[in-house]
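Fold and geometry: a report
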Amino acid sequence: MPGTRGPVPVPLHPNGGDRDLTQEILNAVDEHETVPTNELFPHTSQAEIKAALDRLASRQMVEYDTNDKEHVVLTQEGQDIVDEGSHEYKVWDAVHKAGKLSPKDQALSTPSAKLGQGNAIKLKWIKKDGDAFVPLTDSVTDTTREQLRYASEHHAFEDAKLLKDYQKRKLVATQKVITYIARKGPRWAREIPVEVTDLTAEMIADGSWKTATFKPYNFKARGVLGEAGHGGTGALHPLNKVREEFRKIFFNMGFVEMPTARFVDSGFWNFDALFVPQQHPARDLQDTFYVSDPAEAGPPGADESVDVVLAETAEEDDDESDKPTSSDPATRAAETTSKLDYNEYFENVKRVHQDGAFGSIGYRYPYNDAETRRLVLRTHTTAISAYCLHRLAANPRPCRYFSIDRVFRNETVDATHLAEFHQIEGVIADYNLTLGGLQAFLKRFFRNIGVPDLKFKPAYNPYTEPSMEVYAWHEGLGKLVEIGNSGMFRPEMLLAMGLPEDLRCYGFGLSLERPTMIKYGISNIRELLGHKVDIGDIEKMPAVRLDRE
Ligand SMILES: N[C@@H](Cc1ccccc1)C(=O)O
């Protein structure tokens, strides 16, 4: 069984299907240098091709240009001519076969034959002899058919001047076709590299270390805080031991930690930005703790002075090593923020709630600005995810974020419920994501913590559609238990932030308490958190590895 420290491959095709279009494009670019992608993949939709190209372009592996071209396409009548010959040809053919043919003959009374008679005479293929037609030649060249056949094969006429004429005769039409021309980018590679974070014994044994791409060291990362007092991880609270295990798993899967140091947040980030309607029962005093002093936050964006920086990947750090000013966290935060317009975002969110926008019909109720400023103890860490996704709009690109921190709900405390608990949350943004990809990811994630065989159940969240509850088999209880919630963030939520249309986003969340209680065999949550906790017991609890029972 792989340890939690082993390299975890990044999925190449998030839709989980067999086909990997990004790899096919990489192969083609490698072989042909410049590739008109739609001609190469005529049966693949434009949107799919663009999504695959965007995934590669965002990694700077390929670059591409977009070309608008007019294509000539045949109408049904034009196609019939290519298949059977022109109207004049059919007239000549009938007359030629018969030797002599009355205009009243059935073969000459079809609408097509009526259209063709004049031309066949003009071309000197037939002539009137008494009241019948006779052929003038034993062979003809059907130019109309040849020209149309050429146009259907080449999407253009050999002589461009013919287009107008054929368009007037309604035998062809034109169609705008977008072609994407791809070529190698500055970070060209034949494959999306799997970045390995650790050198393992297996890699040395099987020689794969020689060709592996190692994730560069981030020398600016802060070190792990030294343990004081009791010493070792034994001094950590069991929740923090399990939290550390989850953090390692996230880091190994290429996630970046979100800044969660704000237990108090505004109604805007906790609810409105996530399209929880202002009358939703979850916003009730019975369910949510509101702060009374101060009761209100400034408008969204007013807290921008708070120095919140998402650690970028080591790779990006590396790029900036020769630019000391921009690697300074405060400067970087300012750079990112300056591109974001909070007023516009706020108005967008209001519009979606009140009138509908970005393809959503909205809730259609009068939106209350004061409600958006009310301060709450955050009820879920999705408030932070919304905040970080909005920041992503300043520089949209595929990314993976996670957080593990405390949330608060005004609930009656019992053996399995506390008024405060911890949420583990993950967010993945990328082009062309699908629900199947989310299931594949969740299966991989939970396998890493030793939970195989997931089941998914459709669910509802105001901010995701579709949404799925995640279930796993619990040996001890002998039944399926809910272990998490997930979904794809709604387009009206992401578009309102200014994220591009094809950048889609998964989200999922689970509690930290549940896996911890299972690991330590604790059945009453009050033994884990709060005033009833026995410190002696906590000290004796061993360190855990999530993937080992
Ligand atoms: N916020 C959800 C979890 C979740 C996060 C992100 C997307 C979907 C669901 C919860 O509290 O249960």
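Described in the following lines is the structure provided in the data block. (Residues numbered from 1 in each chain as written. Predicted model: local features only at pLDDT ≥ 70, side-chain atom pairs only at ≥ 80, totals over all residues. Heavy atoms only, no water.)

Some details on the overall build of the chain
For clarity, the cut-off: Working definition: helices are DSSP H or I runs of at least four residues, strands are E runs of at least two. Numbering for both runs from the N terminus. The contact criterion used is simple: two residues touch if any of their non-hydrogen atoms lie within 4.5 Å. Note that accessible areas follow from Shrake-Rupley with a 1.4 Å probe, and for residues the cover is restricted to the protein chains shown.
When helices and strands are counted, the chain shows 20 helices and 16 strands. Within the chain, contacts between residues separated by at least 24 positions form 71% of all contacts whose residues are at least 6 apart in sequence. Total accessible area on the chain is roughly 28800 Å²; 52% of this is exposed by carbon and sulfur atoms.

Here's the deal with the site of the ligand
Short version of the rule: Summary of the distance rule: residues count as near a molecule or strand when at least one heavy atom falls within 4 Å of that molecule or strand. Counted as a polar contact is a pair of N or O atoms within 3.5 Å, where, for protein atoms, one must be capable of donating a hydrogen and the other of accepting one, and residues adjacent in sequence contribute only when both atoms are in side chains.
In the region of the ligand, 14 residues are neighbours, and H380, T382, R409, Q423 and Y463 sit closest. Here R409 contributes a side-chain N or O atom positioned 3.2 Å from an oxygen atom of the ligand. One of the side-chain N or O atoms of Y463 is found 2.8 Å from a nitrogen atom in the ligand. The fraction of the free accessible surface of the ligand (320 Å²) that becomes covered by protein chains is 91%. Every element with two or more residues in the shell around the ligand is listed here: β12 (420–431), β15 (479–489) and β16 (503–511).

Examining the sheet that holds strand β2 (residues 62–74)
Convention followed: By the convention used here, strands pair only if DSSP detects at least 2 bridges between them. Every angle, taken between N-to-C directions, lies between 0 and 180 degrees, and every axis is a line fitted to C-alpha atoms, over only the stretch in contact when it is a helix.
Here we have three strands laid out as an open sheet, ordered β1-β5-β2, and antiparallel in their pairing. Since the sheet does not close on itself, it has two edges, and those belong to β1 (35–36) and β2, each with one partner. Strands β1, β2 and β5 (172–184) of the sheet are contacted by helix α1 (residues 21–32), whose axis makes an angle of about 80° with β5.

Comments concerning the pairing of β15
Pairing analysis gives nine bridges linking strand β14 (residues 464–474) to β15, with the strands arranged antiparallel. Across the sheet, Y471 pairs through a bridge with E482, a residue of β15. In textbook terms, the turn of a hairpin is the stretch between consecutive antiparallel strands, and for β14 and β15 this stretch comprises four residues, one of which, G478, has a positive phi near 65°. Where β15 and β16 come together, four bridges link them in antiparallel fashion. Paired with G487 across the two strands is G507, which belongs to β16.

Topic: the packing of aromatic side chains
Under the convention used in this document: For Phe, Tyr and Trp, where Trp contributes only its six-membered ring, two rings pair if their centres lie within 6.5 Å, and the inter-plane angle classes them as stacked under 30 degrees, edge-to-face over 60, or tilted in between. When accessible area is computed with a 1.4 Å probe and restricted to protein chains, residues below 20% of their type maximum are described as buried, those above 50% as exposed, and intermediate ones as partly exposed. Definition used: whenever NZ (Lys) or CZ (Arg) falls within 6 Å of the ring centre and also within 35 degrees of the ring normal, the charge is taken to sit over that ring.
For the structure shown, the criterion picks out 24 aromatic pairs. Ring centres of F250 and F445 lie 5.0 Å apart, and the angle between their planes is 40°; on these two criteria the pair is classed as tilted. Remark: F445 occurs in helix α17 (residues 435–448) and F250 occurs in helix α10 (residues 238–252); sequence separation between them is 195 residues. Judged by relative accessible area, F445 falls into the buried class, the value being 0%. A network of ring pairs unites the aromatic residues F246, F250, F251, F255, F402, F441, F445, F446 and F508 as a single cluster. Directly above the aromatic system of Y387 lies the positively charged group of R262, at a separation of 4.4 Å from the ring centroid. In this arrangement the basic side chain of R374 is found over the ring face of Y290, its NZ or CZ atom lying 3.8 Å from the centre.

Points about the nonpolar core
Within soluble globular proteins, side chains that are nonpolar generally end up buried alongside one another. Threshold: Residues enter a nonpolar core if they are buried and are Ala, Val, Leu, Ile, Met, Phe, Trp, Tyr or Cys, with the set joined through side-chain atoms within 4.5 Å.
The biggest cluster of nonpolar side chains holds 43 residues, and the ones touching the most others in it are W269, L389, F489 and M493. Only α11 (267–270), α14 (342–354), α16 (382–392), β11 (399–408), β12, α18 (491–497) and β16 provide two or more residues apiece to this core. When residues in this core are grouped by element, the largest group, seven residues, is from α16. Once residues within four sequence positions are removed from consideration, F489 is found in contact with L274, T382, L389, V427, Y463, T464, L494, C505, Y506 and G507. Listed in part, the 39 residues of the second largest apolar core include M253, L418, L438 and M468.

Concerning the packing of α10 against helix α19 (residues 513–520)
Stated formally: The labels follow the angle: roughly parallel below 35 degrees, roughly antiparallel above 145, roughly perpendicular from 65 to 115, and oblique for the rest. In a left-handed crossing the near helix is turned counterclockwise from the far helix by less than a right angle, and in a right-handed crossing that turn is clockwise. Residues are grouped as follows: Ala, Val, Leu, Ile, Met, Phe, Trp, Tyr, Cys and Pro are nonpolar; Asp, Glu, Lys and Arg are charged; every other residue, Gly included, is polar.
Remark: α10 packs on α19, axes separated minimally by 10 Å, with the N-to-C direction vectors making an angle of 110°. The pairing of α10 with α19 is recorded here as roughly perpendicular in orientation. Seen along the crossing, α10 lies across α19 with a hand that is right-handed. Residues P238, L239, K241, V242 and F246 of α10 form the contact with α19, whose participating residues are E513, P515, T516 and Y520. The residue inventory of the contact of α10 with α19, partitioned by class, reads six nonpolar, one polar and two charged.

Structural notes on the sheet that holds β11
Neighbouring strands of a sheet are bound in pairs by backbone hydrogen bonds; such pairs are parallel or else antiparallel. With mixed pairing, the seven strands of this open sheet are ordered in space as β8-β11-β12-β16-β15-β14-β13. Two strands close off the open sheet at either side, each with one partner strand: β8 (256–257) and β13 (454–461). Strand direction decides the pairing type here: β11 and β12, joined by ten bridges, are antiparallel. Looking across to β12, one finds that F402 is bridged to G426.

Some points on a nonpolar patch on the surface
To keep things clear, this is the line we draw: Grouping into patches uses exposed residues only, defined as over 30% relative accessible area, and leaves out salt-bridged ones; the cut-off is 9 Å for like charges and 5 Å for nonpolar side chains (Val, Leu, Ile, Met, Phe, Trp, Tyr). Think of a salt bridge as a Lys or Arg side-chain nitrogen and an Asp or Glu carboxyl oxygen that are within 4 Å of each other.
A surface patch of nonpolar side chains, about 410 Å² in accessible area, is lined by L199, I204, W209 and F214. Structurally, F214 can be placed in strand β7 (residues 213–214).

Observations regarding helix α4 (residues 76–84)
To be explicit about the condition: Arc definition: directions from the helix axis to the C-beta atoms.
All of the buried residues in α4 are G78, I81 and V82. The arc that holds every buried residue of α4, seen down its axis, measures 100°, which confines them to one face. Each element contacted by the buried residues of α4 is listed here: β2, α5 (87–98) and α7 (143–154). G85 lies just past α4 and shows a positive phi near 105°.

Details of the pattern of salt bridges
Tallying each qualifying case throughout the model produces 25 salt bridges. The shortest N-O distance in the salt bridge between D30 and K184 comes to 3.9 Å. You can see D30 sitting in helix α1 and its partner K184 sitting in strand β5, a full 154 residues away along the chain. Among the residues examined, K184 registers a relative accessible area of 28% and is labelled partly exposed. One salt bridge in this structure joins R262 and D265, with 3.2 Å as the shortest N-O distance. Side by side, R262 and D265 carry an identical accessibility label, which is buried. Within the structure, one salt-bridge network assembled from shared partners comprises D30, E33, K184 and R190.

What about the pairing of β13?
The pairing of β13 with β14 spans seven bridges and is classified as antiparallel. Looking at the pairing, P458 lines up with M468 of β14. In sequence, β13 turns back onto β14 through a hairpin of two residues.

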